Amino acid sequence: MRILHTADWHLGKTFRKVSLMEDQRHVLDQIFHAVVENDIQVLIVAGDIYDKQAPSEAAVALFCNFIERVYVETDAAIVIIAGNHDSGQRLAGPTKLYDRNRILIRGTLERDERPIVLDDDHGPVAFSALPYGEIFAARRTFEDETIKSPEDVLWREVDAARALKPEGARWVIVAHAFVTGGLPSETERTLSVGTVETVSSSLFDGADYVALGHLHRPQTAGKESIRYSGSPLAFGFDEADTTKTMTLFDLAADGSLEDFREIAFEPLRKVREVKGLMADLVVEAENAPSEDYISAILLDEGSVVEPAAQLRPYYPNILQTLREKKRELVHASAGRAHSKLDDPMGVISEFVEFVRGEKPNEAETGVVTKIVDQPVREEV
């Protein structure tokens, strides 16, 4: 069975107040063409379909048109869950109108976590769609006041789904969670306040593949069969110049993964940084104007007058200008006076000694020195 895994579309999102709707329509077209060109049998979207719980009409229309297009123009089944950005009730509202033999959209927690079961030449494959759920909603659903963390919520969902998996069927879980060891980006919203938000990969024992959403970087979580596809677009400059992908694989007769590969997205506009002296950046922009989303890192020592305004004629989507300067660590030496503000290590050493009663050791001092010596970026 050939499966395509995507997640974290965040339809309707803006990037520093710039609408990404056109960019998102562009990547959804690529997902559709990947379904057609690779003869995909199951398309998975692992949560955060929308960026807000009350999405705009344009975002809803984009989603609905995509689902209809896949349903009408391909034979692929579709499995979708709500993420922490979605309104589960809103997302799952029209599910009764869908063909339940081909489309499973799970928005809210259910004690009856029934999978959609699809057959290939080797027998049945059960897809358990486990939407993101808040702790108090999970307590009500499962009638269990001991649920106190995202891991407790997901444990109850997986346990309920496992009980309803057909005997002998291969098993695919779709979930939206922060699995321990994952590498986050700056744009992911925390899943919990006041509790540990990460969950252990051991929760998914018994599943042949776990299609995860929430973290925006493509990556594995514990082993190759537990994976984040990542988001189709970069939503922050910490992901500048990174390649976004969707995950394609064949689920073999024994539940192993074959022909596993990542299909790279081609964004309409890239998210990237340019760095240099202001005069050089202007020349570079004149020679190669671009509509990419730009962060300009200035290396000038003196003042710079309206750097964004100087670059905007060539970079209409310049969204950020930063000043990079080297913060020098001043070490104490004989015969020289230092103020505390000029001696970061001295300030930190005093603080550590005040808190725990002893100064930092050699290893700790080395770590602090390395960090303080790093470039610091400030808004211009």
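Rules used in this analysis
- Residues numbered from 1 in each chain as written.
- Predicted model: local features only at pLDDT ≥ 70, side-chain atom pairs only at ≥ 80, totals over all residues.
- Heavy atoms only, no water.
- Pairing = 2+ DSSP bridges.
- Helix = DSSP H or I, 4+ residues; strand = E, 2+ residues; numbered from the N terminus.
- Expected span 1.5 Å × (residues − 1).
- Axes fitted to C-alpha atoms, helices over the stretch in contact; angles between N-to-C directions.
- Left-handed = near helix turned anticlockwise from the far one by under 90°.
- Contact = heavy atoms within 4.5 Å.
- Nonpolar A, V, L, I, M, F, W, Y, C, P; charged D, E, K, R; others polar.
- Phe/Tyr/Trp six-rings, centres within 6.5 Å; stacked < 30°, edge-to-face > 60°.
- Buried < 20%, exposed > 50% of the residue type's maximum accessible area, 1.4 Å probe, protein only.
- pLDDT = per-residue confidence, 0-100.
- Salt bridge = Lys/Arg side-chain N within 4 Å of Asp/Glu carboxyl O.

Visitor: Which residues make up the pairing of strand β17 (residues 271–276), and what are the values?
Guide: With six bridges joining them, β17 and strand β18 (residues 293–298) adopt parallel strand pairing. Bridge pairing in β18 places Arg272 opposite Ile294.

Visitor: How would you explain helix α1 (residues 21–37) if you had to name every residue and give the values?
Guide: Turn by turn, an α-helix covers 3.6 residues, leaving residues three or four places apart pointing in a common direction. Under the 1.5 Å per step criterion, the end-to-end length of α1 is 24 Å for 17 residues, consistent within 8% with the ideal 24 Å. Trailing α1 by a residue or two, Asp39 shows a phi angle of about 50°, which is positive.

Visitor: Explain the packing of helix α4 (residues 135–142) against helix α5 (residues 150–163) to me, using residue names and the numbers behind them.
Guide: It is at 9 Å that the axes of α4 and α5 come closest, and there the two elements cross at 35°. Considering only the axes of α4 and α5, their crossing is left-handed. Packed against α4, whose contacting residues are Ile135, Ala138 and Phe142, the element α5 presents Pro150, Val153, Arg156, Glu157 and Ala160 at the interface. Here the residues of the contact of α4 with α5 are counted per class, giving six nonpolar, no polar and two charged.

Visitor: Describe in detail the packing of aromatic side chains, supporting the description with residues and values.
Guide: Tallied over the full model, the rule gives five aromatic pairs. Residues Phe15 and Phe237 carry aromatic rings whose centres are separated by 5.2 Å and whose planes lie at 45° to one another, so their mutual orientation is tilted. A residue pair is termed long-range when its members are at least 10 positions apart, and Phe15 in strand β2 (residues 14–15) and Phe237 in the loop between β14 (226–228) and β15 (245–251) qualify at 222 residues. Accessibility classification places Phe15 together with Phe237 in one group, the buried group. Arranged with centres 4.2 Å apart and planes meeting at 40°, the rings of Tyr209 and Phe249 form a pair that is tilted.

Visitor: How would you explain the confidence of the model for the chain if you had to name every residue and give the values?
Guide: Mean pLDDT over the chain stands at 89; residues scoring 70 or higher make up 91%. Taken together, the stretch residues 326–339 has pLDDT below 50 and engages in 18 contacts with residues farther than four places along the chain or on a different chain.

Visitor: If you had to explain the pattern of salt bridges to someone new, which residues and values would you point to?
Guide: As enumerated under the stated definition, the model contains 19 salt bridges in all. Between Lys13 and Asp51 there is a salt bridge, and its shortest N-O distance comes to 3.7 Å. Here Lys13 is found in the loop between β1 (2–6) and β2, whereas its partner Asp51 is found in the loop between β4 (42–46) and α2 (57–73), with 38 residues between them in sequence. Per residue, the accessibility class of Lys13 equals that of Asp51, and both read buried. The partner of Arg106 in a salt bridge is Glu110, with the nearest N and O atoms 3.7 Å apart. Connected via shared salt-bridge partners are Arg2, Asp250, Asp259 and Arg261.

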